[in-house]
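The primary structure of each chain is shown beneath.
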Amino acid sequence: MAEEKIVATEEVVEKKKAPAKKAAAAKKAPAKKAAKTTGKLTIKLTKSLIGRTEKQIATAKALGLKKAGDVTTQPDNAATNGKINRISHMVEVTKA
């Protein structure tokens, strides 16, 4: 009887095998890259960092702005635009 149970469990294991994957049909088209802008932005810190949140101070320093009146030139890309949006009430931005 023990031999019959072993044979029965082997049959169950063989039935649970996963079907083969289709490699050729699953190819995806390459993702399109966003258009790069090569422009530069001139950013001027017009308001002081005193009394600002830690995130705002860190964002200003990441842009290279330490005190009111500092000016920096940064590339015009999504990362820079995100930083500017966080502290837009404290800076003036012009195209360089």
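Everything below is about the structure shown above.
The rules behind the values
Residues numbered from 1 in each chain as written. Predicted model: local features only at pLDDT ≥ 70, side-chain atom pairs only at ≥ 80, totals over all residues. Heavy atoms only, no water. Salt bridge = Lys/Arg side-chain N within 4 Å of Asp/Glu carboxyl O. Helix = DSSP H or I, 4+ residues; strand = E, 2+ residues; numbered from the N terminus. Buried < 20%, exposed > 50% of the residue type's maximum accessible area, 1.4 Å probe, protein only. Arc of directions from axis to C-beta. Contact = heavy atoms within 4.5 Å. Core = buried A, V, L, I, M, F, W, Y, C linked by side-chain atoms within 4.5 Å. Pairing = 2+ DSSP bridges. Axes fitted to C-alpha atoms, helices over the stretch in contact; angles between N-to-C directions.

Asks: Kindly report on the pattern of salt bridges, identifying the contributing residues and their values.
Replies: Counted by the stated rule, this structure contains 1 salt bridge. Here D76 and K95 are joined by a salt bridge, their closest N and O atoms 3.4 Å apart. One end of the pair, D76, is in the loop between β2 (71-75) and α3 (78-86); the other, K95, is in strand β3 (residues 91-95), and 19 residues separate them in sequence. You can call D76 buried: its relative accessible area is 13%. Assessed through its relative accessible area of 68%, K95 is described here as exposed.

Asks: Explain helix α2 (residues 54-62) to me, using residue names and the numbers behind them.
Replies: Residues of α2 that are buried: Q56, T59 and A60. Seen end-on, α2 carries its buried residues on one side only, within an arc spanning 100°. Along α2, the residues that are exposed and aim more than 90 degrees away from the buried face are E54, K55 and K61. Looking at the buried residues of α2, the elements they touch are α3. Positive backbone phi, approximately 90°, marks G64, located one or two places after α2.

Asks: Just give me the short version of the nonpolar core, but keep the residues and values in it.
Replies: Listed in full, the 11 residues of the largest apolar core are L41, I43, L45, L49, A60, L63, L65, I84, I87, M90 and V91. Top element by residues in this core is strand β1 (residues 40-45). It accounts for 3 residues. Sequence-distant contacts of I43, defined by excluding residues within four places in its chain, comprise L63, L65, D70, V71, T72, Q74, T80, I84, V91, E92 and V93.

Asks: Can you break down the sheet that holds β1 residue by residue, with the values?
Replies: The 3 strands are arranged β2-β1-β3 in an open sheet whose pairing can be described as antiparallel. Both edges of this open sheet fall to β2 and β3, since each of them pairs with a single strand only. Across the sheet, the mean angle from the axis of one strand to that of its neighbour is 25°, orientation sign disregarded.

Asks: Quick rundown of the environment of K83? Include the residues and the values.
Replies: Mapped onto the secondary structure, K83 falls in helix α3. A sequence separation of 23 residues divides K83 from A60, and the C-alpha atoms of the two residues are 7.9 Å apart. Ignoring sequence-local partners within four residues, the contact set of K83 consists of T59, A62 and L63.

Asks: Describe the side chain of Q56, and please don't skip the residues or the numbers.
Replies: Mapped onto the elements, Q56 comes out in helix α2. Look past the residues within four positions of Q56 in its chain and what remains in contact with it is R86, I87, H89 and M90.

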